[in-house]
Amino acid sequence: MPKFRRTGSMADLAATMTPEEKTKHETTYQASRGGWHKPAEKPVPGTPKKG
């Protein structure tokens, strides 16, 4: 008989995350793009462009 791995709920994982980790991994639903995607990074005033 196969052994199944027990997994925790997403709520339990989210409860242990720091606010920085939550913002790093957040996604938003965009119907026009067909699902859940990371939000586009917004430029911060006063920082040079990467390039």
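Residues numbered from 1 in each chain as written. Predicted model: local features only at pLDDT ≥ 70, side-chain atom pairs only at ≥ 80, totals over all residues. Heavy atoms only, no water.

## What to know about the overall build of the chain
Note the cut-off: For the purposes of this entry, the term helix denotes a DSSP run of H or I that reaches at least four residues, the term strand denotes a run of E that reaches at least two, and both are numbered from the N terminus. To get the radius of gyration, use the C-alpha atoms; to get the globule rule, take the number of residues to the power 0.38 and multiply by 2.2 Å. Between buried and exposed lies partly exposed: a residue is buried under 20% and exposed over 50% of the maximum accessible area for its type, with that area taken using a 1.4 Å probe on protein chains only. Residue-level accessible areas treat just the shown protein chains as cover; the underlying method is Shrake-Rupley with a 1.4 Å probe. For the purpose of counting charges, residues Lys and Arg are taken to be positive, whereas Asp and Glu are taken to be negative. His and the chain ends are not included. By convention, the charge on Lys lies at NZ, on Arg at CZ, on Asp at CG and on Glu at CD.
What the chain contains, in helices and strands, is two helices and two strands. Listing each helix as α and each strand as β along the chain from the N terminus yields α-α-β-β. In terms of overall size, the chain is more extended than a compact globule, its C-alpha atoms giving a radius of gyration of 17 Å where 51 residues would be expected to give roughly 10 Å. Looking at the chain as a whole, 2% of its 51 residues qualify as buried. If you sum the accessible surface of the chain, you get close to 5,600 Å²; carbon and sulfur atoms cover 59% of it. Averaging the coordinates of the 10 positive side-chain charges in the chain and doing the same for the 5 negative ones gives two points 7 Å apart.

## Regarding the packing of aromatic side chains
The following threshold applies: Classification of ring pairs uses Phe, Tyr and Trp, with its six-membered ring standing for Trp, and accepts pairs whose centres are within 6.5 Å; under 30 degrees between planes counts as stacked, over 60 as edge-to-face, and the remaining range as tilted.
The tally for this structure, following the rule as stated, stands at one aromatic pair. Between Tyr29 and Trp36, the ring centres sit 5.5 Å apart and the planes meet at 65°, which makes this aromatic pair edge-to-face.

## Quick word on the confidence of the model for the chain
Close reading of the predicted structure is inappropriate where its pLDDT is low. Here is the rule: In predicted models, pLDDT denotes the confidence assigned by the predictor to each residue on a 0 to 100 scale.
Per-chain confidence: the chain averages 83 in pLDDT, with 96% of residues scoring 70 or above. Mean pLDDT per element in the chain: helix 1 (residues 10-16) is the minimum at 85, and strand 2 (residues 35-37) is the maximum at 90.

## Topic: the environment of Pro48
Within the secondary structure, Pro48 sits in the segment after strand 2. You can call Pro48 exposed: its relative accessible area is 74%. Here the alpha-carbon distance between Pro48 and Gly8, two residues 40 residues apart in the chain, equals 42 Å.

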